[in-house]
Amino acid sequence: MIKNDHLTESGSWLRELVEKGPEVGMVLGSGLSDSLDSLDNPLEINWKDVPGFPTPTVKGHKGKLLFGEIAGKNVMVQQGRLHWYEGKNWEEVIFPIRLQKLMGVEQLIITNAAGGINKDLEPGDLVTITDHINFSGDNPLRGKNDKRFGVRFPDLTDAYTADLRETAMEAGYKLGVELEEGVYVMTTGPSYETPAEIRALRTLGADLVGMSTVPEVITACHAGMDVLAISCVTNKAAGMQDQLTHEEVMEVTAETNEILGRLIEEIVGLMG
Ligand code: HPA
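In short, a report on the structure. (Residues numbered from 1 in each chain as written. Predicted model: local features only at pLDDT ≥ 70, side-chain atom pairs only at ≥ 80, totals over all residues. Heavy atoms only, no water.)

Moving on: the overall build of the chain. Of regular secondary structure, the chain possesses six helices and nine strands. Relative to the globule expectation of 19 Å for 272 residues, the C-alpha radius of gyration of the chain, 17 Å, shows essentially globular dimensions. Dimensions of the chain, computed from C-alpha atoms along their principal axes, come out at roughly 50 × 40 × 35 Å. The burial tally for the chain puts 55% of its 272 residues in the buried class. Carbon and sulfur atoms make up 48% of the accessible area of the chain, which totals about 11900 Å². (Helix = DSSP H or I, 4+ residues; strand = E, 2+ residues; numbered from the N terminus. Rg over C-alpha atoms; globule rule 2.2 N^0.38 Å. Buried < 20%, exposed > 50% of the residue type's maximum accessible area, 1.4 Å probe, protein only. Areas by Shrake-Rupley, 256 points an atom, 1.4 Å probe, with all protein chains shown as cover.)

With that settled, consider the pattern of salt bridges. Counted under the stated rule, the structure contains nine salt bridges. For Glu-44, the salt bridge goes to Lys-64, with nearest N and O atoms at 3.0 Å. Taken together, the residues span a long stretch of sequence, with Glu-44 in strand β2 (residues 40-46) and Lys-64 in strand β3 (residues 64-70) at a distance of 20 residues. Ionic pairing is found between Arg-165 and Glu-181, a salt bridge with its closest N-O pair at 4.0 Å. A residue pair is termed long-range when its members are at least 10 positions apart, and Arg-165 in helix α3 (residues 162-175) and Glu-181 in strand β7 (residues 179-186) qualify at 16 residues. Note on Glu-181: relative accessible area 45%, which makes it partly exposed. (Salt bridge = Lys/Arg side-chain N within 4 Å of Asp/Glu carboxyl O.)

So, on to the site of the ligand. Ala-113, Ala-114, Gly-115, Tyr-192, Glu-193, Val-209, Gly-210, Met-211, Thr-234, Asn-235, Leu-244 and Val-249 make up every residue found near the ligand. Between Gly-115 and the ligand, the recorded distance is 3.3 Å, taken from a backbone N or O atom to a nitrogen atom. If the ligand stood free it would expose 260 Å²; the protein chains cover 95% of that surface. Elements with a minimum of two residues in the shell around the ligand: β5 (107-116), β8 (208-210) and β9 (226-236). For the shell around the ligand, the element with the most residues is β5, which contributes three residues. For the shell around the ligand, a count of residues per class yields seven nonpolar, four polar and one charged. (Near = heavy atom within 4 Å. Polar contact = N/O pair within 3.5 Å; in protein donor to acceptor, adjacent residues only side chain to side chain. Nonpolar A, V, L, I, M, F, W, Y, C, P; charged D, E, K, R; others polar.)

Keep in mind these numbers describe shape, not what the thing actually does.
In structure tokens form, the structure reads like this:
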């Protein structure tokens, strides 16, 4: 069980090390951790060395924090993330997002691997998330409200900040990278969905499905952060292709890392 004091403990420890507080934060998800390997003036820290930081358990998750600069802006990059399906509790899952907030991050770029529910989406596509459906059956803010971060009943109407989505489109246009837009639904995993679930989720209006991001976005929105979330489509969702494997997900993310990294750099450069 993570206590809130662990957040302040991690925050104080990091502030001693990091000279310039980050303005822009990032979460690089499954297999996408390598997309930003060349920050200016980098400082790399393993999660396990940060007092109070919860530990990840999944292969392909790097569990590092990077501090440095992109296009002259100070950034904080979370390589890897903690998932509900690992058996983590919500406090652990959202810990790194709150830590980013404590470090000063006001604009957060979140990436993930996702299955394409929309029939037009193909593996390798990059999609800006416009909205979400929380199918986790729970909410990371359940329990006593932590007033340091935000109000009891946060509004999610503009959770996916329109200005940042426009900036992403502009960056994509500049680089010649086509960005789709779509609604993301979170299922808990770790099993992939059934074909019947995917048909149902499509009827509900979802374009993408994945096992993360939603709790992070709710937490970031609660804390007043602007959010941009980008999915890398790694597969067609269950029932739309022969089989789903984690290996395929990792293969497609590995191929997409470089272009996603260039896109993020361009976006950060264009951010106000
Ligand atoms: N479902 C859930 N999570 C995923 C998928 C999927 O099809 N692909 C990558 N992450």
